[in-house]
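Below are the chains, spelled out letter by letter.
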Amino acid sequence: MSTTSIETRERLQPGPASSALLWDYSPSLESTDHFRLDARYNLFIGGKFVEPHSRRWFETINPATEETLAEIAEGDAEDVDRAVREARRAYQKVWRRMPPSERAKYIFRIARLIQEKSRALAVVETMNGGKPIKESRDVDIPLAAAHFFYYAGWADKLEYAFPNRNVAPVGVAGQIIPWNFPLLMAAWKLAPALAAGNTIVLKPAETTPLTSLLLAQIIQEAELPPGVVNIVTGAGATGAALVAHPDVDKIAFTGSTEVGKRIQRAAAGTKKKLTLELGGKAPNIVFEDAPLDQAIEGIINGIYFNQGHVCCAGSRLFVQESILEPVIRKLRERIGTLRVGNPLDKNTDVGAINSRAQLEKIQELVSSGVEEGAEIYQSSCALPTRGFWFAPTFFTGVGQSNRIAQEEIFGPVLSVLTFRTPEEALEKANNTPYGLSAGVWTEKGSRILKMAQKLRAGVVWANTYNKFDPTSPFGGYKESGYGREGGVHGLGPYVVLS
Amino acid sequence: MSSEIIHSSLSPLFPAAAFRRSLSDALELAHGVDAVSAEERAASLAKRSLKKESKVWGLKLAISMMDLTTLEGKDTRGKVFALCQKAMHPEPSDREIPHVAAVCVYPTMVPFVKQAVAGSGVKIASVATGFPSGQTFTHIKVNETRETVAAGADEIDMVIDRGAFLSGDYRKVFDEIAEVKEACGPAHLKVILETGELANYDQVRRASLIAMYAGADFIKTSTGKVTVNATLPVTLVMLEAIRDFHHATGKQIGMKPAGGIASSKLALAYLVLLYETMGPNWMTPDLFRFGASSLLNDVLMQLRKEKTGAYQSGDYFTID
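1. Describing the overall build of chain B
The helix and strand inventory of chain B stands at twelve helices and ten strands. On C-alpha atoms alone, chain B measures out to a radius of gyration of 19 Å, which is about the 20 Å that the 2.2 N^0.38 rule sets for 320 residues. Taken over the C-alpha atoms alone, chain B extends approximately 60 × 45 × 40 Å along its principal axes. Relative to its 320 residues, chain B shows a buried fraction of 52%.

Structure (structure tokens):
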């Protein structure tokens, strides 16, 4: 495999005053010679890699260089049908009947293999998705393993998760995952479904299929019975075929609200159980008594983590008017220290935008912000010439009615709004069709509790942001979806109780 | 609370400036610090990966920022003399290695240091004010400071009265620093907060601001004589206070972590923390120091390794 070539110029302009002296951190690239990608990946059905019925493959690229990484099979309705039949057979003949403690062993084995191969998985995640290596290394891959470990523990304890009820699996689950945390989202979906005794057809996102396919290899190595997990790659049509398949008992989808609504329509009137984890436009609320420098870190982490490709990103910053000046000043200083560039560099803070389409969407929404009169501030960092890049950006002077305050941008773009009282903050924060997450920054404990109670959001972080743990449920209110993933709640969608 | 305007001929950095020394201004800026987030931020900066030229550049800078220190009851003229030699010529075989910033000793050793480092550019730093506990009378602290400066010290490292601070008598802490600052005359004042005894980051920030508003030229974490000395998060919190003080007053205050910084890797982590918190302007011995005794040899060993490609035995580095 060719190594990535990105022209990055290290630069920093941090601090209260900048001078000519810059400390150039020499490139510190994570190596890519410790694994080899196949030239072509087929569908993983019935425990084997098989060619797609369509006999068509599409290229998957590195968004930081636009170089092709591999060819990926394009699954069609025939392939989906084949995968669902394999999943049904494995469900009835093997997985449902297996003693739960045996199921747990397989899930533990997958978790351990993810840990063993974490270095390669992290590098591939970064190359295929554009996220900084420090994030895939320290967040995505360890959390993915943690989810398998956590749900492995539940497999033989389901009767304690749902006391005094009879617990049965749902059957065959169709799972469609997004491109922002490819392996982690696969883990979120697969682990609880497997623990509860379901079999699965998983459809990875079109732009980021590689770590799911490496996971398929891990699943083979773990000797999971054939057909328990099937992975069918492809684009929207492949996902639609999975949703429409009559023998799928449950659909779990993570992605945009627009597609979520379509899936909901498609599933209406069928026996299918449905959970949706959709978009967000999360409020991050900073009160005047907040620990200011840490709040700045939380704001930065809330919106620029993973280039803002995070459904729970804190994309609407609400600042109490009395501290607007220091917050904006500190934000400007801090944004200048973000290192944007080669995602494989261990010192990179912000990587590449996932795809050209996403970049265009971000550009379009940012233009609308400028046109609607908001004041834009962008990091002056140099961007590589090839690949898809967008400099960390924030807007001030944003009104509730501006598009950039209402629509999900899903990029490194923050809208700053102000409030005067806690009541006003609540009213504005809740004034959105979304309700996935929220952040509250204050030194006053009672205010945290009050805000958390009244914010219409599935997750409320207090004096922190973007913290995830397998034991903690995650999911939305309103158009951010329904159903919970993670924790004991995450088992709910994958069981039938009687 | 009273405040006074001091026309500061006392501050050599800003001879013309007038700044308000006010305890109430200090306390106004002393908002809370979130411990979990501060530690997380420090830990993430410690993960920066420094290689090749950037590593060499950082290590050389670290040497030039060192206050090479010996603070023991058993210090003698001979010991101090050896230390001074090392301070002036850390690596005689390599002319590109700079001298350290200062030699830091007890007051009675100051005349010997003055003799030894004359004309070399190495500064003479001395602890004073009842170091390390600070549990003595204010007039004794002031006199000790005055006599130490008269003996030739360029820089005074004082300790704050932690007893007064922890009992809430910020006025006493503030006034004592101001008095010592006055006694310093032309010498620079580093104020040691002894953060290991201040219990939490809120207190560290408060003590930092009190010290700066009272006239400190530098604020310093530790004496090196208690269980917990300098840490990255404490240094981050102090730097953030320095940054806010700079914004409020225009005055640039230096930072000195001290105690327990013994490896090159850790020293580089401190420099990254400094760089990404304060920017390039603070990357100078005028505004950042390491208080250390065993760090120098590890840095020299790393620099030799970068130059030759191999680690050399400890026998090739002098023990002073």
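2. Remarks on the overall build of chain A
Regarding its fold elements, chain A presents 15 helices and 20 strands. Taking 2.2 N^0.38 as the reference for a compact globule, 498 residues should give roughly 23 Å; the C-alpha atoms of chain A span a radius of gyration of 23 Å, in line with that estimate. Overall, chain A is about 65 × 55 × 35 Å in size when its C-alpha atoms are taken along their principal axes. Taking contacts inside chain A between residues at least 6 apart in sequence as the whole, the part at least 24 apart equals 73%.

3. A closer look at the sheet that holds strand 5 (residues 67-73) of chain A
Residue and element names in this part refer to chain A. The strand order 1-5-4 describes an open sheet built from three strands, whose pairing is mixed. Because the sheet does not close on itself, it has two edges, and the strands there are strand 1 (40-41) and strand 4 (57-62). Pairing of strand 1 with strand 5, which is carried by two bridges, proceeds in the parallel orientation. Bridge pairing in strand 5 places Tyr-41 opposite Ile-72.

4. Regarding the nonpolar core
Counting 104 residues, the largest nonpolar core has Met-66, Val-103, Val-113, Val-191, Ile-210 and Ala-211 of chain B as its most contacted members. No other element matches the ten residues that helix 11 (residues 264-278) of chain B contributes to this core. Apart from residues lying up to four places away in sequence, Val-103 of chain B is in contact with Leu-68, Leu-83, Cys-84, Ala-87, Val-113, Val-117, Val-122, Ile-124 and Ala-125 of chain B. Judged by nonpolar contacts, the second largest core, of 90 residues, contains Ile-110, Met-127, Ala-193 and Leu-202 of chain A.

5. Looking at the sheet that holds strand 7 (residues 188-192) of chain B
Residues and elements named next belong to chain B. Strand order in the open sheet formed by eight strands is 9-8-7-6-5-4-3-10, with parallel pairing between adjacent strands. Sheet topology places strand 9 (254-256) and strand 10 (290-292) at the edges, where each strand pairs with a single neighbour. Looking at each pair of strands side by side, their axes are set apart by 25 degrees on average, direction ignored. By the bridge criterion, three bridges tie strand 3 (residues 66-69) to strand 4 (residues 102-105) in an arrangement that is parallel. Within strand 4, the position partnered with Asp-67 by the bridge is Ala-102. Sheet strands in contact with helix 4 (residues 77-88) are strand 3 and strand 4, and its direction is about 160 degrees off that of strand 4.

6. Regarding the pairing of strand 16 (residues 413-419) of chain A
All names here are of chain A. Counting buried positions along strand 16 yields six of seven residues, so the element is predominantly enclosed. Note that strand 13 (residues 316-320) and strand 16 share five bridges and pair parallel. If you follow Leu-317 over to strand 16, its bridge partner there is Val-416. Across three bridges, the pairing between strand 15 (residues 393-396) and strand 16 is parallel. Paired with Phe-394 across the two strands is Leu-414, which belongs to strand 16.

7. Quick look at helix 5 (residues 110-117) of chain B
For the α-helix, the turn length of 3.6 residues means that residues three or four positions removed from each other point alike. Residue and element names in this part refer to chain B. Among the residues making up helix 5, those that are buried are Val-110, Phe-112, Val-113, Ala-116 and Val-117. End-on view of helix 5: buried residues confined to an arc of 155 degrees, all on one side of the axis. Looking at the buried positions of helix 5, the neighbouring elements they touch are helix 4, strand 4, strand 5 (123-127) and helix 6 (138-150). Directly after helix 5, the chain includes Gly-119, whose backbone phi takes a positive value near 80 degrees.

8. Description of the environment of Asp-469 of chain A
All names here are of chain A. Residue position: Asp-469 is located in the loop between strand 18 (459-462) and strand 19 (481-482). Judged by the 13 C-beta atoms lying within 10 Å of it, Asp-469 is partly exposed. For the pair Asp-469 and Gly-487, spaced 18 residues apart in sequence, the C-alpha separation works out to 8.3 Å.

9. Here we look at helix 8 (residues 236-244) of chain A
Within the sequence span of helix 8 of chain A, burial applies to Thr-238, Gly-239, Ala-241, Leu-242 and Val-243 of chain A. Elements in contact with the buried residues of helix 8 of chain A: helix 1 (77-95), strand 7 (172-176), strand 8 (199-203), strand 10 (250-254) and helix 9 (257-267) of chain A.

10. Overview of unusual backbone geometry
That bond from Phe-131 of chain B to Pro-132 of chain B is cis: its omega, 0 degrees, falls within 30 degrees of zero. Locating Pro-132 of chain B in the fold gives a position in the loop between strand 5 and helix 6. Of note in the backbone geometry, Asn-164 of chain A takes a positive phi value of approximately 65 degrees without being a glycine. Inspection of the secondary structure assignment puts Asn-164 of chain A in the loop between helix 5 (158-161) and strand 6 (167-169).

11. Considering the interface of chain A and chain B
Counting residues at the interface gives 27 residues for chain A and 28 residues for chain B. Of all the elements, helix 10 (residues 292-304) of chain A adds the most residues to the side of chain A that touches chain B, at five residues. A per-class count over the side of chain A that touches chain B returns nine nonpolar, eleven polar and seven charged.

12. Section: the confidence of the model for chain A
Chain-level statistics for chain A give a pLDDT mean of 94 and a share of 96% at 70 or above. In this model residues 1-20 of chain A is a low-confidence stretch, pLDDT under 50, and it forms 56 contacts with partners more than four residues away in sequence or in other chains.

13. So, the packing of helix 10 of chain A against helix 11 (residues 324-335) of chain A
Residue and element names in this part refer to chain A. Across the interface, helix 10 lies against helix 11 with an axial gap of 10 Å and an inter-helix angle of 55 degrees. When the axes of helix 10 and helix 11 are compared, the pair comes out oblique. Helix-helix and strand crossings are classified by hand; for helix 10 and helix 11 the assignment is right-handed. Contact residues: Leu-292, Ile-296, Ile-299 and Ile-300 in helix 10; Pro-326, Lys-330, Leu-331 and Arg-334 in helix 11. Taken together, the residues of the contact of helix 10 with helix 11 sort by class into six nonpolar, no polar and two charged.

14. Some words on the confidence of the model for chain B
Residues and elements named next belong to chain B. Counting all residues, the mean pLDDT for chain B is 93, and 94% of those residues have values of 70 or more. Long-range and interchain partners of residues 1-18, a stretch whose pLDDT sits below 50, account for 21 contacts in this model, where long-range means more than four residues apart. Confidence metrics for the complex model read pTM 0.93 and ipTM 0.91.

15. Overview of the environment of Leu-426 of chain A
Residue and element names in this part refer to chain A. Along the chain, the position of Leu-426 falls in helix 14 (residues 422-430). For Leu-426, a count of 21 C-beta atoms within 10 Å translates into the label buried. As for Leu-426 and Thr-396, which are separated by 30 residues in sequence, their C-alpha atoms are 19 Å apart. With residues up to four places along the chain from it excluded, the contact list for Leu-426 reads Met-451, Lys-454 and Leu-455.

16. Overview of the environment of Thr-471 of chain A
Residues and elements named next belong to chain A. Locating Thr-471 in the fold gives a position in the loop between strand 18 and strand 19. Take Thr-471: there are 11 C-beta atoms within 10 Å of it, and that puts it in the exposed class. Discounting chain neighbours no more than four positions away, the residues touching Thr-471 are Tyr-150 and Gly-487.

The rules we used
Residues numbered from 1 in each chain as written. Chains lettered and ligands numbered in written order. Predicted model: local features only at pLDDT ≥ 70, side-chain atom pairs only at ≥ 80, totals over all residues. Helix = DSSP H or I, 4+ residues; strand = E, 2+ residues; numbered from the N terminus. Rg over C-alpha atoms; globule rule 2.2 N^0.38 Å. Buried ≥ 20, exposed ≤ 12 C-beta atoms within 10 Å, placed from the backbone. Contact = placed C-beta atoms within 7 Å. Pairing = 2+ DSSP bridges. Core = buried A, V, L, I, M, F, W, Y, C linked by C-beta atoms within 7 Å. Axes fitted to C-alpha atoms, helices over the stretch in contact; angles between N-to-C directions. Arc of directions from axis to C-beta. Nonpolar A, V, L, I, M, F, W, Y, C, P; charged D, E, K, R; others polar. pLDDT = per-residue confidence, 0-100. Parallel < 35°, antiparallel > 145°, perpendicular 65-115°, else oblique. Left-handed = near helix turned anticlockwise from the far one by under 90°.

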